[in-house]
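# Observations on the three-dimensional arrangement
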Amino acid sequence: MEQSVEAKLESSLPFNPHVASLPAYNAGMNIAAARAASGRHDIARLASNENPDGCSPAVMAALASSAFEPWRYADPACSALRAALGERLRIEPSRIVVGNGSEEMIAAISRALLVPGTSVATVVPSFGLHEIEPLAAGASVVKVPMSASLGFDLDALEQAIAAGPRVVFLSSPWNPVGPGLDSQALERLVSAVRPGTLFVLDEAYFEFADPDAPDGIEVLRESGIAHVVLRTFSKAYGLAGLRVGYAVCSDHEVARVIAAAKTPFNVNAAAQLAAIAALEDEAWMKASVARIRAERLRVAAALEKLGLRLAPSQTNFLFFDCGGDSSALAASLLQEGIIVKAWREKGYECFLRATIGSPAENDRLIQALAQLVPAK
Ligand SMILES: *Cc1c(COP(=O)(O)O)cnc(C)c1O
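Once a new chain begins, its residue numbering starts again from 1 and follows that chain's sequence as written. Local features are withheld for residues below a pLDDT of 70 in this predicted model, meaning they are given only at 70 or higher, and side-chain atom pairs are given and counted only at 80 or more; totals for whole chains, interfaces and linings count all residues. By convention in this description, side-chain values take in all heavy atoms of the structure and omit both hydrogens and water.

### A word on the pairing of strand β3 (residues 119-124)
- Classification of residues uses two cut-offs on accessible area relative to the type maximum, computed with a 1.4 Å probe and protein chains only: under 20% is buried, over 50% is exposed, and between them is partly exposed. By the criteria applied, helices consist of DSSP H or I runs no shorter than four residues and strands consist of E runs no shorter than two, each listed in order from the N terminus. Counting buried positions along β3 gives five out of six residues, so the element sits mostly inside the fold.
- In this description, strands pair whenever DSSP reports at least two bridges between them. Where β3 meets strand β4 (residues 140-145), six bridges bridge the pair, whose relative direction is parallel. Bridge pairing in β4 links Thr122 to Lys143.
- Handedness of the crossover is the feature at issue here: the chain leaves β3, passes through helix α7 (residues 128-136), returns alongside β4, and the resulting connection is right-handed. By convention, orient the strands away from the viewer: a clockwise path from the first strand over the helix to the second makes the crossover right-handed.

In structure tokens form, the structure reads like this:
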């Protein structure tokens with residue numbers, strides 16, 4: 001039989017092998033697919049760590065104002081946003097690079113530093129892009145497993161960092177597990193960094209951390225090591241759909257090369273305006289974070305009562321061992337209209353990550369798990 005045009009095309013191109021063989025990013029299910037699968041309209045979206053409170057009304061006002069000019073190219077340098085961030089963080093704006101989500105900064109860092117033959121150190125369970133972007137650049141990735149107590153294995157991490165990888169990607173608070181490094185642990189890891197290594201601290205959940213948690217920008221400021229701290233407007237500020245995150249770099253040269261590795265008009269006009277408005281309404285963000293943290297304590301206590309083993313969390317999600325295949329449990333939750341994320345990395349398939357949603361969504365999760373998890 002004659003081959004179809006697609007089948008002939010499929011094998012004909014010499015793709016970049018590093019990109020063609022990438023694992024897929026494990027994104028949360030979209031709402032239309034969840035409605036189709038569950039037959040329910042009221043979907044609780046607890047898979048992507050979004051903010052159940054939405055975003056500040058100041059953001060919506062900025063987007064409705066005459067300052068929003070979709071027909072103009074936005075400022076490729078994000079000058080106004082970088083100035084606002086620089087003032088807030090006491091950092092020269094020339095050390096800040098804004099990205100289309102902090103995701104893009106992970107890609108730009110990888111593109112700026114990694115070539116085949118180089119290596120990256122990170123943790124497992126891992127944030128998918130800390131592995132995918134280095135692999136795309138042809139680097140190899142060393143993953144340090146979490147400890148038996150569902151925390152950072154500091155000894156093993158210190159060793160992996162001291163081995164001199166080109167880049168270290170570490171999220172703290174840690175997605176998907178939840179704990180954060182305390183000051184002492186962070187300083188210990190920073191001391192292990194050798195010249196020639198870029199230390200990337202991804203603080204996507206910084207705003208949700210305990211009050212006594214270290215501020216990575218402050219700890220690294222005087223460290224003398226090459227570093228980047230990543231922050232985002234997607235989580236606590238509730239702007240996931242607009243895509244804005246940023247890299248605070250140790251020096252101008254790191255910032256210059258990372259900026260060179262991004263696309264020129266990477267952050268769109270709506271995103272720039274929204275981020276500035278969100279930053280100015282710190283009170284909204286703080287109130288939202290306080291509500292989410294209180295809900296997290298309530299949900300964690302309820303799940304522990306069901307006999308589930310939870311990792312400690314300083315984030316807006318909970319990571320727990322469901323005692324069996326988490327994909328099966330996630331499928332059952334989906335039937336109830338609840339989307340969560342079943343972990344798929346090898347050795348961690350019994351873990352499930354659930355975002356803290358609105359109180360009503362959290363009640364649904366607790367009630368569904370009470371039905372589905374066998375009593376202990
Ligand atoms: C959500 C998340 C990000 C991505 O944030 P964006 O700014 O939306 O791209 C980056 N790192 C970690 C660890 C995250 O959990």
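Don't stop here, the text continues.
### Details of the packing of helix α13 (residues 282-305) against helix α15 (residues 359-372)
- With their axes 10 Å apart at the nearest point, α13 and α15 run at an angle of 10 degrees to one another. In terms of orientation, α13 and α15 fall into the roughly parallel class. Packed against α13, whose contacting residues are Glu295, Arg298, Val299, Ala302 and Leu303, the element α15 presents Pro359, Asn362, Asp363, Ile366 and Leu369 at the interface.
- Gly is put with the polar residues, along with every residue not named as nonpolar or charged; the nonpolar set is Ala, Val, Leu, Ile, Met, Phe, Trp, Tyr, Cys and Pro, and the charged set is Asp, Glu, Lys and Arg. In terms of residue class, the contact of α13 with α15 is made up of six nonpolar, one polar and three charged. Helix axes use the C-alpha atoms of the stretch in contact, all axes being lines fitted to C-alpha atoms, and the angles between their N-to-C directions lie in the range 0 to 180 degrees. Working definition: roughly parallel below 35 degrees, roughly antiparallel above 145 degrees, roughly perpendicular at 65 to 115 degrees, and oblique for all remaining angles. In this analysis, two residues are considered to be in contact whenever any of their non-hydrogen atoms come within 4.5 Å of each other.

### A look at the domain arrangement of the protein
- Partitioning the protein into domains gives domain 1 (21-54 + 283-372) and domain 2 (57-280).
- Throughout the structure description, domain borders are defined by an automatic or database domain assignment. On a C-alpha basis, the centres of domain 1 and domain 2 stand 24 Å from each other.
- Facing the 30 residues of domain 1 at the interface are 37 residues of domain 2.
- In short, buried area is how much 1.4 Å probe accessible area vanishes from two parts on joining, totalled over both. Taking both partners together, domain 1 and domain 2 bury about 2700 Å²; carbon and sulfur atoms supply 63% of that area.

### Things to note about the nonpolar core
- Here the nonpolar core consists of buried residues drawn from Ala, Val, Leu, Ile, Met, Phe, Trp, Tyr and Cys, with membership extended through side-chain atoms lying within 4.5 Å. Phe199, Phe233, Leu303, Phe320, Val340 and Leu369 are the most contacted members of the largest nonpolar core, which has 89 residues in total.
- Domain assignment of the residues forming this core places at least three in each of domain 1 (21-54 + 283-372) and domain 2 (57-280).
- When sequence neighbours within four positions are dropped, the list of residues in contact with Phe199 reads Ile161, Val168, Leu170, Leu186, Val190, Val193, Leu220, Ile225, Ala226, His227 and Val228.
- Counting residues in each nonpolar core, the second largest holds 24 residues, with Ile109, Leu114, Leu129 and Cys249 among its members.

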